[in-house]
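Listed below are the residues making up each chain.
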Number of protein chains: 4
Amino acid sequence: MSERKKNSQMETNASPQPAQAAYQDLGFGSRIERSSKRMINQDGSFNVRRIGGGIGAFHPYQYLITIPWSKFHLAVVLFYLTVNGLFSGLYILAGVHNLTGTPSMGMDMPHWLEDFLHAFFFSMQTFTTVGYGSISPMGFVTNMIAGVEALCGLMAFALITGVLYGRFSRATAKIRYSKEALIAPYQNINAFMFRTINRRQNQLIELSAVVTMAWYEETESGFRQKFAPLPLEREKVALFPLSWTIVHPITPDSPLYRKTPEDLEKMNAEFMIMIQGYDDTFAQIVHTRTSYKYFDLAWGRKFDMIYHTDEDSGMIVVEVNKVDQHSHAQLN
Amino acid sequence: MSERKKNSQMETNASPQPAQAAYQDLGFGSRIERSSKRMINQDGSFNVRRIGGGIGAFHPYQYLITIPWSKFHLAVVLFYLTVNGLFSGLYILAGVHNLTGTPSMGMDMPHWLEDFLHAFFFSMQTFTTVGYGSISPMGFVTNMIAGVEALCGLMAFALITGVLYGRFSRATAKIRYSKEALIAPYQNINAFMFRTINRRQNQLIELSAVVTMAWYEETESGFRQKFAPLPLEREKVALFPLSWTIVHPITPDSPLYRKTPEDLEKMNAEFMIMIQGYDDTFAQIVHTRTSYKYFDLAWGRKFDMIYHTDEDSGMIVVEVNKVDQHSHAQLN
Amino acid sequence: MSERKKNSQMETNASPQPAQAAYQDLGFGSRIERSSKRMINQDGSFNVRRIGGGIGAFHPYQYLITIPWSKFHLAVVLFYLTVNGLFSGLYILAGVHNLTGTPSMGMDMPHWLEDFLHAFFFSMQTFTTVGYGSISPMGFVTNMIAGVEALCGLMAFALITGVLYGRFSRATAKIRYSKEALIAPYQNINAFMFRTINRRQNQLIELSAVVTMAWYEETESGFRQKFAPLPLEREKVALFPLSWTIVHPITPDSPLYRKTPEDLEKMNAEFMIMIQGYDDTFAQIVHTRTSYKYFDLAWGRKFDMIYHTDEDSGMIVVEVNKVDQHSHAQLN
Amino acid sequence: MSERKKNSQMETNASPQPAQAAYQDLGFGSRIERSSKRMINQDGSFNVRRIGGGIGAFHPYQYLITIPWSKFHLAVVLFYLTVNGLFSGLYILAGVHNLTGTPSMGMDMPHWLEDFLHAFFFSMQTFTTVGYGSISPMGFVTNMIAGVEALCGLMAFALITGVLYGRFSRATAKIRYSKEALIAPYQNINAFMFRTINRRQNQLIELSAVVTMAWYEETESGFRQKFAPLPLEREKVALFPLSWTIVHPITPDSPLYRKTPEDLEKMNAEFMIMIQGYDDTFAQIVHTRTSYKYFDLAWGRKFDMIYHTDEDSGMIVVEVNKVDQHSHAQLN
């Protein structure tokens, strides 16, 4: 029986397509229609729209921690005004006379507006639990509404605390990719290469990179999407203090072998990049993605050095903004 | 000595049943009595009840972050009312006259109820730290109770903040499984397959799937539960932008080979699915489980395409709600 | 050069003691003096005291999230009283007359105590930000102190929020180990085995176990501590819905082969257990440890079944409190 | 096709430089100019300055959780004063007469300063939501400003809560490295070794260490930076209850073979250490780094024992402050 088990285990490994092969199409499938669009955008998002997911597919927390800060602040302010507006309505229904203090707005305004503002200010003072007491609730109903509002306020700020923490603690690695990928001379052949740098002051360690090339190929049954991983000179670095130039040597096995810029355009070539690393500050594994399309390639160029040793301090100085710089180089 | 150590290490690997084999019964054991019930429910929970664990087995935080939102809100409201009720009692014991302000409820009610409500409103204003001051404590005892209540209030909301964050940050992947698994034609044989899609807008990456078949087999000593992992066409995908159809080709080694729907019913077949992936937004590994019972299989069907390229935008559009759709296909 | 690199890599693997061998002494070293004490206590802590670490070795957060709840609550109350006591002193120094309201404690007490309590109550109302206003600050100094105290209060509760979340979200797996390990018949030999069960309602998945035996051996240079990993029938289970009996078959290679209870006592044998798993609720990897000493072994016993299928519901019912039960079994 | 895929997979593994080789230069590159500076400082930071990253490279949360506590508290106090100063200005613009209560500072001061302080105290009471009510807002504009300030206050403290939690929950392992690395006798050869100890009371488990030697080598084209991993006697320990002495035996393959202190100085040798482990309390993987420069080596020394068994309690006692102690030993 033990023997049988070991066999069935081996069969798994000998299944028609090995597990590693799965990384060849990256989950995009091969039946995608011809399109000049990228599959992966330069910011790492996918060129895919998901529709029909229904209400269950929406996750408010996920929404709140991924929207930009401007939208987030707007959402907080709108929420604050809406909630206070609603509770003001309730206080008015329960009778504004149950809120002590005289509504003296110091401006000329209709009575109902003064009343509303009186209730609105009380609501703000209750929701934020500031509770000056210059306005205070009277009677059963108004007191109960105020008690509920203070509870809601605390719950809301508990939630906002969580969202703010979530926004901040997301280890969004700021790996900067060179704008262009180069076809550069490499040893006695050429290589496809691009450069990355950590823009943040935190340390990324144990980085690894995967580069997959996608292109169209004409088959009997029309065009088909093809995928191939590009073997790299080095797939991992232990530390990332400077920059990292990721290099795919164009050997005869490479799908880039003897290809011209025109060939790549005809093939609609896209180079999909995935880099993962461990963020030392946030103690999290972070992933970044980007892609280079055939028109993002610069041929016959090589990257300029971006670090030098400072003579005075003996420190290595890295110039982040030079990551894109490259100069002419004769291809082999 | 170094030699001996290496040997004992090897023996570990050569132990009667290899470590990987452990995945064959998934921890369910083989002595389970015959039952038509599933082992794993479609929502991924186990059909198992644990009793006699005692009070130490209960973890309030775990309870509070896993109950549905409706229950959670109910729990908060009940807790709020209970705590305020208890502190109201204490204020009454310490003398309501130590709470300034006149209890004018604006309704006709007995004196003791007015007093209770006066204390209750003060309690709410203290517990939420809103503290209008329209009611304020006097005397040593009442002041101390109020000081304790305000502390309790802050602790309670600290706790609720943590629970809310816990609820939100749990990376509950919303992987949608097709309602039915199919027996579909595949290359020149047939295959067991089902389809999954990410309902959320977040990105899942590095997904891997394990499919285990469980069935009854007649042995000399009665029926026994059997388990076998089903080798998959591909066990991993690097990205999950579209849908992923997980395919087990029914080769002669498969426990499904030449089985009819009737056979599977007699075997009480269950297909247990485990998928894990890395959630890009929450930086967490997420797991989902489901199972297909023999009656969840559709024979001689194939899945319909659910994505197409939008002509205008060039984007790939995925229709999530079509994940269940399949149509007739001639089996091999 | 590439060749050289590959070589130096291989040498690493061919270093005198292979990396896996490191697990043989578990970090305890072999020069430990003879002692009847356990190395690992049954609750998983080490029988080791670290001294001379200095003040830098103390981490208040770590302390606050690992102490029992009773100690934690005591610490909060003491902190609350101390801080309010200190600020009361400051208010008295700045002049109690700068705190409005009359200190009417409703009890007979000396003037200085009334003043102190007046300041103390104001301090509590400020620190918790409840701020009724029945007592309020006047003058520059008192107002500034109050402003600082309110800030301190908010910071303190921010901190307590974090500590409470930390306490709760620590995924303390409640894996229950059987009180005794058994020497039980197993197939046609005997085996060392113990049973584990998850007391919590959460799901643990992908469990793996490591068992190391430690004993004394007489060498020329006196007694030496020896360590050996015990190969297990299965080192991993994918799911953990029921119980898991971890079994080390006593083959001729086992250090337990043909040993009697007396032998093990003379060897001062200790079985150190490490189990790790993934907690589905907290999305964390959890570790537990325990140990069995030679006197924790029961010879010629086998574990009783602790689960059965409920006839009515078809559910599997696990009786957690039966995890320790075993009955007589003839050894081979 | 399946065959082709397996091939291209193998090619990946057969790429010019194997992936593991990448760890040889640790990401520092080989074109670094000659410098007597360390690459890795003893506290684990890199001797690298990144410039030109622009504003996007700054991450306030990362800054706030990595600065020392003194700076953090200063930042909070400055922020508190600044915000209250700004809002005071707004209240003065809206008219101080809209803040009830008389500004009686109890000191002789100009009118404008009294007004400012009145507004400042109201601002503090609003921002912290303490809201005594002794000063309270009147009129539309002042009420709205106060409502906004209370919201800002709550948001700010939500944020501070998150930052405090982030500061505390960062699992900063306090692994103490011996001040010097030793060249000590080891079996019948010598070895490079250093000692580590966990200063904290938490448990670190599954530790692994990597040691890389960096030095200059004269080539035709000038000096070049060289890197080589040093094979270790044991690269991993399962538990870390005592101390761990990490040992690189100086075999003929070692770059240290037959080197004298003078050789290492000429080579400008640096030993870069990386240790990672799993923190049992924080459920996180932690990394530490350090380096030994050639002048941090002590030749012909061996480490003194730092633990002994306490006769009374039977416990093992570790003396953390003895981690640096070593005594004379004859080299082989």
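Residues numbered from 1 in each chain as written. Chains lettered and ligands numbered in written order. Predicted model: local features only at pLDDT ≥ 70, side-chain atom pairs only at ≥ 80, totals over all residues. Heavy atoms only, no water.

### Remarks on the overall build of chain A
Which entries qualify depends on this criterion: Helix and strand definitions follow DSSP, with helices as H or I runs of at least four residues and strands as E runs of at least two, each counted in order from the N terminus. Working definition: with a 1.4 Å probe on protein chains only, accessible area under 20% of the residue-type maximum means buried, over 50% means exposed, and in between means partly exposed. Residue contacts are defined here by distance: any two heavy atoms, one from each residue, within 4.5 Å place the two residues in contact. Working definition of accessibility: Shrake-Rupley area with a 1.4 Å probe, residue cover restricted to the visible protein chains.
The helix and strand tally for chain A stands at six helices and 15 strands. Per-residue burial for chain A yields a buried fraction of 58% across its 332 residues. Considering only intrachain contacts with a sequence separation of at least 6, the fraction spanning at least 24 residues in chain A is 68%. Per element, the accessible surface of chain A, about 14000 Å² overall, is 56% carbon and sulfur.

### As for the pairing of strand 10 (residues 284-293) of chain C
Residues and elements named next belong to chain C. So the rule is basically this: Think of it this way: DSSP has to see at least two bridges between two strands before they count as a pair.
Counting buried positions over the 10 residues of strand 10 gives nine, a clear majority of the element. Inspection of the sheet shows strand 9 (residues 270-279) paired to strand 10 by 10 bridges, in the antiparallel sense. Bridged to Gly277 within strand 10 is Val286. Counted along the chain from strand 9 to the antiparallel partner strand 10, the turn is four residues long, and its residue Ala283 has a positive phi close to 50°.

### Considering empty space enclosed by the protein
Under the convention used in this document: Cavity: a set of points on a 1 Å grid over the protein atoms alone where a 1.4 Å probe fits but cannot get out. Pocket: an open set with protein on both sides within 12 Å along at least five of seven lines, its lining residues, like those of a cavity, having an atom within 4 Å of a point. Grid points are joined across faces, edges and corners, and a volume is the space filled by probe spheres set on the points. Just so you know the grouping, Ala, Val, Leu, Ile, Met, Phe, Trp, Tyr, Cys and Pro go in nonpolar, Asp, Glu, Lys and Arg go in charged, and all remaining residues, Gly too, go in polar.
Scanning the model with the defined rule gives 11 cavities of 30 Å³ or more in all. Lining of the largest cavity is provided by 20 residues; of these, Leu154(A), Leu154(B), Thr161(B), Leu154(C) and Leu154(D) occupy positions nearest its centre. Put simply, the parts of the chain that give the lining of the largest cavity at least two residues each are helix 5 (140-169) of chain A, helix 5 (140-169) of chain B, helix 5 (140-169) of chain C together with helix 5 (140-169) of chain D. By residue class, the composition of the lining of the largest cavity is 12 nonpolar, eight polar and no charged.

### Considerations on the nonpolar core
This is how it is decided: Only buried residues count toward a nonpolar core, which is a set of Ala, Val, Leu, Ile, Met, Phe, Trp, Tyr and Cys residues joined through side-chain atoms within 4.5 Å.
By size, the foremost hydrophobic cluster in this structure holds 145 residues, and its most contacted members are Tyr91(A), Tyr91(B), Phe72(C), Tyr91(C) and Tyr91(D). Excluding its chain neighbours within four sequence positions, the residues that come into contact with Tyr91(B) are Val96(B), Leu99(B), Ala119(B), Phe122(B), Ser123(B), Thr126(B), Thr142(B), Ile145(B), Ala146(B) and Glu149(B).

### Some words on the sheet that holds strand 1 (residues 48-51) of chain A
Under the convention used in this document: Lines fitted to the C-alpha atoms define the axes, with helices restricted to the stretch that makes contact. Angles between their N-to-C directions range from 0 to 180 degrees.
Pairing is mixed across the open sheet formed by three strands, whose spatial order is 1(A)-14(B)-13(B). Sheet topology places strand 1 of chain A together with strand 13 (307-309) of chain B at the edges, where each strand pairs with a single neighbour. Ignoring which end each strand starts from, the neighbouring axes of this sheet average 20° apart. In the sheet, strand 13 of chain B pairs with strand 14 (residues 316-319) of chain B via three bridges, with the strands oriented antiparallel. The residue bridging Tyr307(B) from the neighbouring strand is Val318(B), located in strand 14 of chain B.

### Here we look at the pattern of salt bridges
Residue and element names in this part refer to chain D. Operational definition: Within this document, salt bridges are pairs made up of a side-chain nitrogen of Lys or Arg and a carboxyl oxygen of Asp or Glu, the two lying within 4 Å of each other.
Tallied over the full model, the rule gives 16 salt bridges over all chains. Across the salt bridge formed by Lys179 and Asp324, the nearest N and O atoms sit 3.7 Å from each other. With Lys179 in the loop between strand 2 (175-177) and strand 3 (181-186) and Asp324 in the loop between strand 14 (316-319) and strand 15 (326-328), the pair connects residues that are 145 residues apart, well separated along the chain. Overall, Lys179 belongs to the exposed group, its relative accessible area being 57%.

### A few points about the packing of aromatic side chains
Short version of the rule: For this analysis, a ring pair means two rings from Phe, Tyr or Trp (six-membered ring only for Trp) whose centres lie within 6.5 Å, classed as stacked if their planes differ by under 30 degrees, edge-to-face if by over 60, and tilted for the remaining angles. Only when the NZ atom of a Lys or the CZ atom of an Arg is both within 6 Å of the ring centre and within 35 degrees of the ring normal do we say a charge sits over the ring.
Applying the stated criterion to the full structure yields 73 aromatic pairs over all chains. Taking 6.3 Å as the distance between ring centres and 45° as the angle between the ring planes, the aromatic pair formed by Tyr80(C) and Phe127(C) counts as tilted. Here Tyr80(C), found in helix 3 (residues 69-93), pairs with Phe127(C), found in helix 4 (residues 111-127); they are 47 residues apart in sequence, far enough to count as distant. Owing to a relative accessible area of 4%, Tyr80(C) belongs among the buried residues under this scheme. Both rings, one in Tyr177(D) and one in Phe194(D), keep their centres 6.3 Å apart while their planes meet at 40°; by these two values the pair is tilted. With a gap of 17 residues between them, Tyr177(D) in strand 2 and Phe194(D) in strand 4 (residues 189-198) connect regions that are remote in the sequence. The exposure class assigned to Tyr177(D) is buried, which follows from its relative accessible area of 11%. The residue whose ring lies beneath Arg167(A) is Trp69(A), and the NZ or CZ to ring-centre distance is 4.0 Å.

### Things to note about the side chain of Thr161(D)
Which entries qualify depends on this criterion: Pairs of N or O atoms are called polar contacts if they sit within 3.5 Å, as long as, within protein, a hydrogen donor faces a hydrogen acceptor (for residues adjacent in sequence, only side-chain-to-side-chain pairs).
With respect to the secondary-structure elements, Thr161(D) resides in helix 5. A polar contact of 2.6 Å, which involves the side chain of Thr161(D), links it to the backbone oxygen of Phe157(D). For Thr161(D), the contacting residues outside a window of four places in its chain are Thr161(A), Ala158(C) and Thr161(C).

### What to know about unusual backbone geometry
Phi at Glu206(B) is positive, roughly 50°, even though this residue is not glycine. Note on placement: Glu206(B) falls in strand 5 (residues 204-219). Exposure remark for Glu206(B): the relative accessible area of 34% places this residue in the partly exposed category. Despite not being glycine, Arg258(C) shows a phi value in the positive range, around 60°.

### Notes on the sheet that holds strand 14 (residues 316-319) of chain C
Taken together, the three strands give an open sheet; going across it, the order is 1(B)-14(C)-13(C), and neighbouring strands pair in mixed fashion. Both outer strands of the open sheet, strand 1 (48-51) of chain B together with strand 13 (307-309) of chain C, are each paired with one neighbouring strand and no more. Going across the sheet, the axis of each strand differs from the next one's by a mean of 20°, ignoring polarity. Here strand 1 of chain B runs beside strand 14 of chain C; their pairing, made up of four bridges, is parallel. Bridge pairing in strand 14 of chain C links Arg49(B) to Val317(C).

### Comments concerning helix 4 of chain C
Residue and element names in this part refer to chain C. The test is simple: Each helix should span, by expectation, one fewer than its residue count multiplied by 1.5 Å.
In this model, helix 4 (17 residues) spans 24 Å end to end at C-alpha, consistent with the 24 Å of a helix rising 1.5 Å per residue. Counting buried residues along helix 4, 13 of its 17 residues qualify, which places the element largely inside the surrounding structure. Just downstream of helix 4 lies Thr129, where phi reads positive at about 60°.

### Some words on the packing of helix 5 of chain C against helix 4 (residues 111-127) of chain D
Geometry of a packed helix pair, given as the angle between the helix axes and the separation of the axes. For the record, the criterion: When describing relative orientation, an angle under 35 degrees is termed roughly parallel and one over 145 degrees roughly antiparallel, while 65 to 115 degrees is termed roughly perpendicular and anything else oblique. For any helix crossing, the convention is left-handed if the near helix is rotated counterclockwise from the far helix by under a right angle, and right-handed if that rotation is clockwise.
One can describe the packing of helix 5 of chain C onto helix 4 of chain D by two numbers: an axis separation of 10 Å at closest approach and a directional angle of 25°. Here helix 5 of chain C is positioned roughly parallel relative to helix 4 of chain D, judged by the angle of their axes. In this structure, helix 5 of chain C crosses over helix 4 of chain D, and the sense of that crossing is left-handed. Contact with helix 5 of chain C, carried on its side by Phe140(C), Asn143(C), Met144(C) and Gly147(C), involves Leu117(D), Phe120(D), Phe121(D), Met124(D) and Gln125(D) of helix 4 of chain D and no other residues of that element. Of the residues contributing to the contact of helix 5 of chain C with helix 4 of chain D, the split by class is six nonpolar, three polar and no charged.

### Points about the confidence of the model for chain A
In regions of low pLDDT, the predicted coordinates are not meant to be interpreted in detail. All names here are of chain A. Selection rule: Confidence of the predictor at the level of single residues is captured by pLDDT, which takes values from 0 to 100.
Here chain A averages 83 in pLDDT, while 86% of its residues score no lower than 70. Low pLDDT (under 50) marks residues 1-23, which in the prediction has 31 contacts with non-local residues, meaning those over four places away or in another chain. Two summary scores accompany this predicted model of the complex, namely pTM at 0.83 and ipTM at 0.79.

### Notes on helix 5 of chain B
Note on helix geometry: an α-helix contains 3.6 residues per turn, so any two residues three or four positions apart are oriented the same way. Here helix 5 of chain B is 30 residues long and its end C-alpha atoms lie 44 Å apart, about the 44 Å a rise of 1.5 Å per residue gives. Most of helix 5 of chain B is tucked away: 24 of the 30 residues are buried.

### Here we look at the environment of Val237(A)
All names here are of chain A. Positionally, Val237 belongs in strand 7 (residues 236-239). Using a relative accessible area of 2% as the deciding quantity, one classes Val237 as buried. When the C-alpha positions of Val237 and Ser208 are compared, they lie 6.6 Å apart, and in sequence the two are 29 residues distant.

### Looking at the packing of helix 3 (residues 69-93) of chain A against helix 5 of chain D
Interhelical geometry of helix 3 of chain A versus helix 5 of chain D gives an angle of 125° and a closest axis separation of 12 Å. Our classification of the angle between helix 3 of chain A and helix 5 of chain D gives oblique. By crossing handedness, the relation of helix 3 of chain A to helix 5 of chain D is classed as right-handed. Contacts from Phe72(A), His73(A), Val76(A) and Tyr80(A) of helix 3 of chain A reach helix 5 of chain D at Gly147(D), Leu151(D) and Met155(D). Considering only residue class, the contact of helix 3 of chain A with helix 5 of chain D consists of five nonpolar, two polar and no charged.

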